[in-house]
Structure formats: structure tokens, C-alpha cells
2 protein chains.
Amino acid sequence: MKLEIYTKNEHQAIQNEIIGKIRDLINYKNLEPGDKLPSERMLSDKFEVSRNNVREAIRKLEFYGLVKSMPQSGTFIEDIGVTAMNGIIEDILRLEDPDFKSLVETRILLELKTVRLAATRRTDEDLKQMKETLDAYKTKVLNGEDAVQEDLLFHLAIAKASGNSTINTLMLMITPEIIMNFEKFHVCDKNQAMLGIEEHTEIYKAIKAQNPQKAKQKMKKHFSSLYQYCYNI
Amino acid sequence: MKLEIYTKNEHQAIQNEIIGKIRDLINYKNLEPGDKLPSERMLSDKFEVSRNNVREAIRKLEFYGLVKSMPQSGTFIEDIGVTAMNGIIEDILRLEDPDFKSLVETRILLELKTVRLAATRRTDEDLKQMKETLDAYKTKVLNGEDAVQEDLLFHLAIAKASGNSTINTLMLMITPEIIMNFEKFHVCDKNQAMLGIEEHTEIYKAIKAQNPQKAKQKMKKHFSSLYQYCYNI
DNA sequence: GATTTAAAATTGGTTAACCAAACTGGTTTG
DNA sequence: CAAACCAGTTTGGTTAACCAATTTTAAATC
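Residues numbered from 1 in each chain as written. Chains lettered and ligands numbered in written order. Predicted model: local features only at pLDDT ≥ 70, side-chain atom pairs only at ≥ 80, totals over all residues. Heavy atoms only, no water.

Asker: Help me understand the environment of Met173 of chain A in this model?
Answerer: All names here are of chain A. Within the element layout of this structure, Met173 appears in helix α8 (residues 165-185). For Met173, a relative accessible area of 5% gives the class buried. Sequence-wise, Met173 and Leu142 are 31 residues apart; in three dimensions their C-alpha atoms are separated by 29 Å. (Helix = DSSP H or I, 4+ residues; strand = E, 2+ residues; numbered from the N terminus. Buried < 20%, exposed > 50% of the residue type's maximum accessible area, 1.4 Å probe, protein only.)

Asker: How should the relation of the copies chain B and chain A be read in this particular structure?
Answerer: Related by rotation about an axis and a shift along that axis, the two copies of the chain form a pair. In screw terms, the move from chain B to chain A is a rotation of 180° and a rise of 0.0 Å along the axis, fitting with an RMSD of 0.0 Å. Here the copies are linked by what is in effect a two-fold axis. For chain B, the minimum C-alpha distance to the rotation axis belongs to Leu170 of chain B and amounts to 3.6 Å. In this assembly, 100% of the residues forming the interface of chain B have copies in chain A that are likewise at the interface, indicating an isologous arrangement. (Least-squares fit on C-alpha atoms with pLDDT ≥ 70 in both. Contact = heavy atoms within 4.5 Å.)

Asker: Sorry, what's going on with the protein's contact with DNA strand D here?
Answerer: Around DNA strand D, a shell composed of 17 residues is seen, among which Ser50 and Asn52 of chain A together with Arg41, Arg51 and Gln72 of chain B lie nearest. A distance of 3.0 Å separates a phosphate oxygen of DNA strand D from a polar atom in the backbone of Glu40 of chain B. Residue composition of the surface near DNA strand D, grouped by class: 2 nonpolar, 9 polar and 6 charged. (Near = heavy atom within 4 Å. Polar contact = N/O pair within 3.5 Å; in protein donor to acceptor, adjacent residues only side chain to side chain. Nonpolar A, V, L, I, M, F, W, Y, C, P; charged D, E, K, R; others polar.)

Asker: Would you mind going over the pairing of strand β1 (residues 67-70) of chain A with me for this structure?
Answerer: Remark: a regular strand shows side chains that alternate across the two faces of the sheet. Residue and element names in this part refer to chain A. With burial as the criterion, only one face of β1 is covered, namely that bearing Val67 and Ser69; the residues Lys68 and Met70 on the opposite face remain uncovered. Direction of pairing for β1 relative to strand β2 (residues 74-77): antiparallel, over a ladder of 4 bridges. Note that in β2 the partner of Val67 across the bridge is Ile77. (Pairing = 2+ DSSP bridges.)

Asker: Got a minute to help me understand helix α4 (residues 82-94) of chain A in this structure?
Answerer: Because an α-helix packs 3.6 residues into every turn, residues spaced three or four apart end up facing the same way. Here α4 of chain A is 13 residues long and its end C-alpha atoms lie 19 Å apart, about the 18 Å a rise of 1.5 Å per residue gives. Where α4 of chain A is concerned, the buried positions are Ala84, Met85, Gly87, Ile88, Ile89, Asp91 and Ile92 of chain A. (Expected span 1.5 Å × (residues − 1).)

Asker: Would you mind going over the pattern of salt bridges with me for this structure?
Answerer: Pairing between side chains becomes possible if they bear opposite charge and their charged atoms approach one another. Evaluation of the coordinates by the stated rule reveals 32 salt bridges over all chains. When the shortest N-O distance is used, the salt bridge between Arg23 of chain A and Asp24 of chain A registers 3.2 Å. Its relative accessible area of 16% is what places Arg23 of chain A among the buried residues. In this structure, the salt-bridge partner of Asp135 of chain B is Lys131 of chain B, at a minimum N-O distance of 3.1 Å. With Asp135 of chain B and Lys131 of chain B both in helix α6 (residues 124-142) and 4 residues apart, the pair spans about one turn of that helix. On the basis of relative accessibility, which here comes to 33%, the residue Lys131 of chain B falls in the partly exposed class. Here the salt bridges do not stand alone but share partners, grouping Arg23, Asp24, Glu90 and Arg94 of chain A into one network. (Salt bridge = Lys/Arg side-chain N within 4 Å of Asp/Glu carboxyl O.)

So this is what it looks like as C-alpha cells:
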């Protein structure tokens, strides 16, 4: 997902090449779901690359759920069908790095959902954790300190309270990159931080009151300035 | 993201343990953003685990954008702040596997966005690729064959046309698991497939006509049965 | 001829030795 | 005195040898 430094890109290029070759092999040998991939040693021989490179390529395919490695047994093709396998690998190879705009756009989308889900599903324990992060944020801002981290942790607490493990995972994936970009572009200045306390509190109250509509509305308001900023960058 | 087989879980447990220890080390030594983590050898010594385990743990932290490894130089803590680092690592360690319901819920959310974005941003090349996947789907269904894969590839083509690289990546991550669950639970039967042709075509036309509202409406309709199914599982 | 069993080969995972780039400190040089 | 340089050390990355579990093969037994 992150490809920034040159050495990494080079490394990634080799990995992608191997993934492409594995795809070709699947097609050429008519390997079907459930079939076993040739062993890592055989592949590294065939492709004339190190076994480590093959292992990493396989691990990436495993991350996307396309194959599954069984210790002392082999690597098996998952049951998603040849067509989907080809299409998805093709897409993976062509994936480009996420830009800031798409990150923010995605974050807003995810959070307008998590806040609604949190309002309906939140447990008392969720509420307690949200309160903690909210207080930490307040304290920092009132001390005039930078509070980007505490800001985002409050939002992550909402994601956790949403009870949707997939969205929670996705939020965790994009948040560090969001924070780095925020600090890079100085998105949050002091004035917005003071306003942020009020907005965060309102969101918290709406979730506490289990009012999804209001929670979403408050979140939307909270994002309005960010939204505009994002589209002017 | 995927933790299914026992050996993998065990492996994962060790990795998480190491990640926790790295977090403790960051706190104990007051390591700050930009600081260098102790070398892999030192960590593997200190934690009494193999260097490979340490490397994998670091790689996971790198995936989430929390650290960055520089060849022949060291692993550096990313500039997201100590507080966020602690919070996010904590969340990562407690991440649970995505369940089918949360997968579908997330997919619907993402796709109701991608379809709107695709309607406004799609290029002619995007349109061409969507048409191809749509035709492949039609052919399969009209031959009475199973077309789950072609179905999903059409949706991935929309995601690509959305021009949002983040959402595109996220869609690619969840799609294989969606397909597997679909085939496992036999979500799509023949009747729905025939209906699917019509719905897919309508979505395609709306995107071609660059009508975001209509595109979203058609997608929503397309998802209505899936939505109900998801909540009855 | 079918079943059991044991040994040999195969597999992904692990470990440790090795490599080249990069950093470090002191020395030389202008 | 500062800049250039050079050996020695440290670093993440790479390679190859090794391990234990599994699978395969074929021999042994009934």
C-alpha cells in the first residue's frame, strides 16, 4: 500500500513480476481452485529468483486472500475461480499509491457510516473509551498543544464502536497516513481545534443518546471544513 | 487480515507479542517520531525470538505506516506521534477477523460511493473495460453457468473507474473473501443472476450517461436483495 | 489382492551465515 | 582549521543450509 522510497519500489517491481508469472503459470497449467501451486523451490528455480522473493510474492497473494499456504504441505489456490483470480491479480499489479485526496474522501465516507453504526450499536464500554479519548483531546487543545493524534484516536474509537470489524480494519489502515498528511499540510490549526472540541462533544452525545441521524449530521458538520480543504489542495 | 488456520494463528500470536514488546520499548525508551528503532539483531536478542519474527513484526508495522525501514540504515518511527502510535498499535493487536456481515455491509457502503464517483469521473477507457466485464457476465448467465466471479469483476471495474485509489485498494482487499462467502452460502442463485443482467446494464448505462444519482439508485436497487439476505444470515 | 506400515522424498517454515550499502570516527590533507 | 577521505563497524537485505510435519511410495503382512 505504501511505496515511497526507491529501494522499496525496486523490490516491489520484482515482487509484482513474480506475481504476474504465477498468474501466467496458473493460466498455462490450467490450475483450478483447490489445486496446489508448485513448491516455492520449484518456482524460484523456474523464475530464476530467490526463494525469498517467491515467498514474499506468495505472502502478498495470501494477504489478498487468493492463495493459502499450508505448512509442510503446499500453497493452494483459493476457491474464487480462475476468472476472478486473473482479474484481481491484474488489478493488484496495476494498483497505484493512494493520494491524499482519495484518502480523505474515503475517510469521510467510512466515518459517516461508522458514526451511524456506533450510535446504534455502541456498548457502555465503547462509550467509556470514546469519553477517554475525547477528554484527552480536550486537555491537549485547552493547553494550546497540537492535538491531531488525539483527534484521530477519538475517531478510531468511534470506528471500534461501530461493531463492523472490516471498516475498523480499513480505518486503521488509512489513519496513520492521514495523520502524516495532516501534519505535513498543517490541516488543523488552533482555531479549528477549539471548534473541534465542541463538535466532538456533540458527536459523542449523539452516539451516547443512540441517535444515528443526529450523529451523522454532527459528523458531517465536523467534516465540512475538511471537505472543502481537501478539494482545494 | 485473514486468520483462519491454526498454524497461522499461532504464528500471528507470536508476531503480535513482538509488536506489543516494540510498543513497550518505544514507551520505555521514550522513542519519538523520527527516532531509530534498535536494530533487528538487537531486538531479536532482547525479545529472545528469531530475527525473522522481528522482521515480520516490523513489516506489519510498516504496512500500517507506523515505521519505515531504510536499507543499511535502520528502521525509523514514522511521524505520527507517540499517542497515536500507542493507540493504533493497541487497536491493531485487538483486531478481530472480519465476519461476513461486516464484509457485505462495508462492500455496499463502498460501492454506493464508487458508483457515484465512477459516474462523474469515468474515462472512455474505464467505460470500455466495464463493458467487457458486463458482456462476460451476460454470456455466462445466458449459458446458465455460475457467474459470481464475472459479477464481482464488473463491480471491481466500477471501483477502478471511481478514480479513488484508496477505495479501489480496499475493494480489492475484501472482494476475494466476499466471493468465497458467496459461493459458500450460495448467495446468488440462477433467478437472481438473470435479474442481475438487467440491473448491471442499468448501472452501466447510468455511469455511461454520467448520472451519479441514477447510478446510485440503480446500485441500491441491485443491492436490495443482498442487503436483506445479509441481515437474515 | 487389500491393508498396514515404515521409510524416503517433499513441503513450508526457520535459522544462521553472508553481502553490500551506509554510517561513524578519526586521520589526513589542502 | 575545515574539508576530504578512508578504514571499521553497523545496518537491513539476501542466500543457503537445516528442521519438523506431511505426503508419497513401496514393501511387508495377512
